[in-house]
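# Breakdown of the fold
One-letter residues, chain by chain:
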Amino acid sequence: MLAARRVVSAATRGRRFSKFAFVGAGKMAEAMLAPLQETTIENETPSVSFYDVSCAVAKRVAEKYPSLTRAESLDECVDGADVVVLCTKPQNCDAVFADLRPVVQNQKTPPVLLSILAGVPTERFRAGLGLQKVARAMPNTPGQIGCGVTVWTAGEHKELFTDADIERCKGALGALGKEIYVEEESYVDMSTSISGSGPAYIFLLIEAMVDAGVQEGFSREVATTLVHQTILGSVKYAMESGEHPAVLKNSVTSPAGTTASAIYELEKGNFRTVVQDAIWACYRRSLEMGGL
């Protein structure tokens, strides 16, 4: 279920975010498309078009979000766009550049490029597409319900962006939930390993806890409810209390109690180290994908 319609202020009063063009309509694009169609900017709903080389993907997205415009070509998708949101696979960059460069170069007013590709630095887009205003972001899938967090930057060339350009990006990313602007692009790569890929770690934890509950004798439905509510409540409690996680953990852990026994097994299995190693592996892979 989508979050309530959100209103985002434009930098210039009455300036409408006239068009966002999504190149690629996969899972991460969908994470942005879903809340963006529910966002209003100065009482106007942004115009959103999308294009995907896969007819099956394009058809699925068009059926799921009928208010969006399915373009039959890159030219149709990008024509007149204020912001082009690039959502293709990082490994397909060169092929995408070859197709997209003549299209964006043909625009009367060069659009802002907003990339959500993991690991690909902004300079590569400038060289490959000939655009100067390139922003880079790393959203996550909870953005589909307005509960995501996105780290983004305009990099070293922020001075090329107008206030309206920045507000367009903030508006699109803010529709996903919380957006955090960083001055240095390296933080976007770091965020890939924590917030970008982080939901997968949480889903794996949920799966493991639910399976354990089923093994103990709960129905899968009840076990799932218990795990979902426990994680949701624990996160809200941690955020509202402001306490260090170690303090909160200790408050649940009685001497020689059940929780202490469980924590002992987690520590014996190097739980912390495994989590941290996974995050570092994700970060290294992000850099490799960007050729860094």
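Fair warning: this is a prediction, and the values are worked out from it, not measured in the lab.

Conventions we followed
Residues numbered from 1 in each chain as written. Predicted model: local features only at pLDDT ≥ 70, side-chain atom pairs only at ≥ 80, totals over all residues. Heavy atoms only, no water. Core = buried A, V, L, I, M, F, W, Y, C linked by side-chain atoms within 4.5 Å. Buried < 20%, exposed > 50% of the residue type's maximum accessible area, 1.4 Å probe, protein only. Helix = DSSP H or I, 4+ residues; strand = E, 2+ residues; numbered from the N terminus. Contact = heavy atoms within 4.5 Å. Pairing = 2+ DSSP bridges.

### Comments concerning the nonpolar core
Counting 31 residues, the largest nonpolar core has Phe22, Met32, Val85 and Leu114 as its most contacted members. Mapped by element, the contributors of at least two residues to this core are β2 (19-23), α1 (27-36), β4 (47-51), α2 (55-64), β6 (83-86), β7 (112-115), β8 (134-138) and α6 (163-174). Of the residues forming this core, the biggest block, five residues, is contributed by α1. Filtering out sequence-adjacent residues up to four positions away, methionine 32 remains in contact with Phe22, Val85, Leu114, Ile116, Leu173 and Leu176. Val78, Cys93, Leu100 and Val134 belong to the second-largest nonpolar core, a separate cluster that totals 23 residues.

### Considerations on the sheet that holds strand β10 (residues 177-181)
Strand order in this open sheet of eight strands is β5-β4-β2-β6-β7-β8-β9-β10, and the pairing throughout is mixed. With one partner strand each, in any of the chains shown, β5 (69-70) and β10 form the two edges of the open sheet. As defined by bridge partners, β6 adjoins β7 across four bridges and the pair is classed as parallel. Looking at β7, one finds that leucine 86 is bridged to serine 115.

### Focus on α1
Burial of α1 is extensive: eight of the ten residues sit out of reach of the surface. Buried residues of α1: Ala29, Glu30, Ala31, Met32, Leu33, Ala34, Pro35 and Leu36, and no others.

### So, the environment of alanine 200
The residue alanine 200 is located in helix α8 (residues 198-216) in this model. For the pair formed by alanine 200 and threonine 141, sequence separation is 59 residues and the distance between their alpha carbons is 9.4 Å.

### A look at the environment of tyrosine 51
Assignment of secondary structure puts tyrosine 51 in strand β4. Once the C-alpha coordinates of tyrosine 51 and serine 73 are considered, the two residues, 22 residues apart in sequence, prove to be 6.6 Å apart.

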